Structure formats: structure tokens, C-alpha cells
Amino acid sequence: MTGVQTCVLPILHTWIVQYMDDYSRLRKIRAYAETNESAFLGLDHLNYVYNGFEAHPLHYLPIQWLRCDNGSFRRAKETQTALEALDITMPPQMPEQKGGTAKVENRFRSLWGEFELRLASKLGGSGARLWLSEFNEELELFSLSELEKRHPFRRDMTKGEVYAQSLSDRSIQQRTTDVDVIRMACKVEYRRVDGSLRVGLN
């Protein structure tokens, strides 16, 4: 007896995640192909910011706090575990305080206006195809180009210069990490077996 076995493949969506320094407005941006928004997207992006794309200077941990919207990343227990291990504070996001993330959200909305035009002109119009890795290469080039753009308020300086100036402030302790953020998010619990063996449960 023969038969045909079928399976339904999940539909992947492209998610754009950005990490922005509030003072200089520099960003690291990366695209992911996932079925839904998840804590993994945010945690993997923090790994990318802190441990990847070394050509970009933005790789320090937040000095005060990390702001984000009220999505899956904020609510996940893994996120709280990882941020606690990194000693990063995420302030409560109340409905009446939506303006707290306005700078990030506004810059994210403007991303497409700037980046799509640049990418469309490079690819040569509609019907063009792009691998995810190529898409991320373009996002990295776009992030690097922002180093030379004028700061919106400190018009006599570029964003890169503003960021470099903030790093030179000796009163601020800049923190870095080389650990895997996702591993830190997986809290390991232990139990003893027969009083001698210790079994780790992830």
C-alpha cells in the first residue's frame, strides 16, 4: 500500500529588529525570517549588537536602561533572566507612557523611507530577489552610513562624532560582554540525585 504524506510548512515573515543608542541615534539593524515575533529575535539581536558586526562602534551595554515595546520580547521570562544577568534595567512600559519609546519607533518607521529607496535603486526595480544574508549586508552598510550623518539636534556634529564623544566621558563606565546572551537567558536549575549526583535541567 502506498500513500502520499504531506506537510504544511510554516509561513515565514521578515522581521526587522533595531538597537538604537538614545544619545547619538546610532543603530544596529538586522533582519530575521521567523513565523512570529518572539523573545529569540530580541535576544539574538542583543548578541549581534554586543558580540557581532565589529566594524560598527555600537557594542556597549546600556548605561541606564533598555526600552522596547510591549511585545513578546518584553514579556518573556527568558528576556528577564538575560537582562538580570547582564545587569540591564528595563523600565515598566505603561499604556499612558507610550511616548517613552517614541524616539525608537519614529526612527524605525523612517527606516523604510530611507533604506527602501536606497535598496530599490541598487537592485534595479521590481521583481528583484535578495537572500536574507544579502539583505543583512545591506542593512549593515546602511547602519555604517549613519555614522556620517548629521545629528538631528547637534547639527555641527555627525552621529558618529556624538557617539565617540559620549564614550570619552570618563565619568561614565562603559560595559561590554562577550558571553552568549541566549545562553544566559536559559536559566539552569539543579537537583541532587541520591545525595551525590547533580543533574542540570535547562
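Describing the overall build of the protein
Of the regular secondary structure elements, the protein holds seven helices and four strands. Traced from its N-terminal end to its C-terminal end, the protein shows the element sequence β-β-α-α-α-α-α-α-α-β-β. Looking at the 202 residues of the protein, the share that counts as buried comes to 34%. Surface summary for the protein: the accessible area is close to 13,400 Å², and the carbon and sulfur share equals 52%.

Looking at unusual backbone geometry
Most peptide bonds take the trans configuration, and most residues that are not glycine carry a negative phi. Although it is not a glycine, F53 adopts a positive phi angle of roughly 50°. Looking at the element boundaries, F53 is found in the loop between α1 (39-51) and α2 (72-75). Even without being glycine, D87 reaches a positive phi, approximately 60°. Position of D87 among the secondary structure elements: in the loop between α3 (77-85) and α4 (102-123). Given a relative accessible area of 59%, D87 falls into the exposed group.

Some words on the pattern of salt bridges
On inspection of all chains with the given rule, the structure shows two salt bridges. The salt bridge involving E146 is made with R27; its shortest N-O contact spans 2.5 Å. Pair noted here: E146 is in the loop between α5 (132-145) and α6 (159-167) and R27 is in strand β2 (residues 27-34), with a separation of 119 residues, a long-range link. What makes E146 buried here is its relative accessible area of 0%. Between R30 and E140 there is a salt bridge, with its nearest N and O atoms 4.0 Å apart. Note that R30 is positioned in strand β2 and E140 in helix α5, a separation of 110 residues in sequence.

Examining the confidence of the model for the protein
Chain-level pLDDT for the protein is 81 on average; 76% of the residues reach the 70-or-more range. Counting contacts from residues 198-202, a segment whose pLDDT is below 50, to residues more than four positions away or on other chains yields 15 contacts.

Comments concerning the nonpolar core
Ranked by internal contacts, the top residues of the largest apolar core, which has 22 residues, are L46, Y50 and L66. Contributing elements (two or more residues each) for this core: α1, α3 and α7 (181-185). Ranked by residues supplied to this core, first place goes to α1 with five residues. Apart from residues lying up to four places away in sequence, L46 is in contact with Y19, L66, F73, L83 and V181.

Thresholds, definitions, all that
Residues numbered from 1 in each chain as written. Predicted model: local features only at pLDDT ≥ 70, side-chain atom pairs only at ≥ 80, totals over all residues. Heavy atoms only, no water. Helix = DSSP H or I, 4+ residues; strand = E, 2+ residues; numbered from the N terminus. Buried < 20%, exposed > 50% of the residue type's maximum accessible area, 1.4 Å probe, protein only. Areas by Shrake-Rupley, 256 points an atom, 1.4 Å probe, with all protein chains shown as cover. Salt bridge = Lys/Arg side-chain N within 4 Å of Asp/Glu carboxyl O. pLDDT = per-residue confidence, 0-100. Contact = heavy atoms within 4.5 Å. Core = buried A, V, L, I, M, F, W, Y, C linked by side-chain atoms within 4.5 Å.

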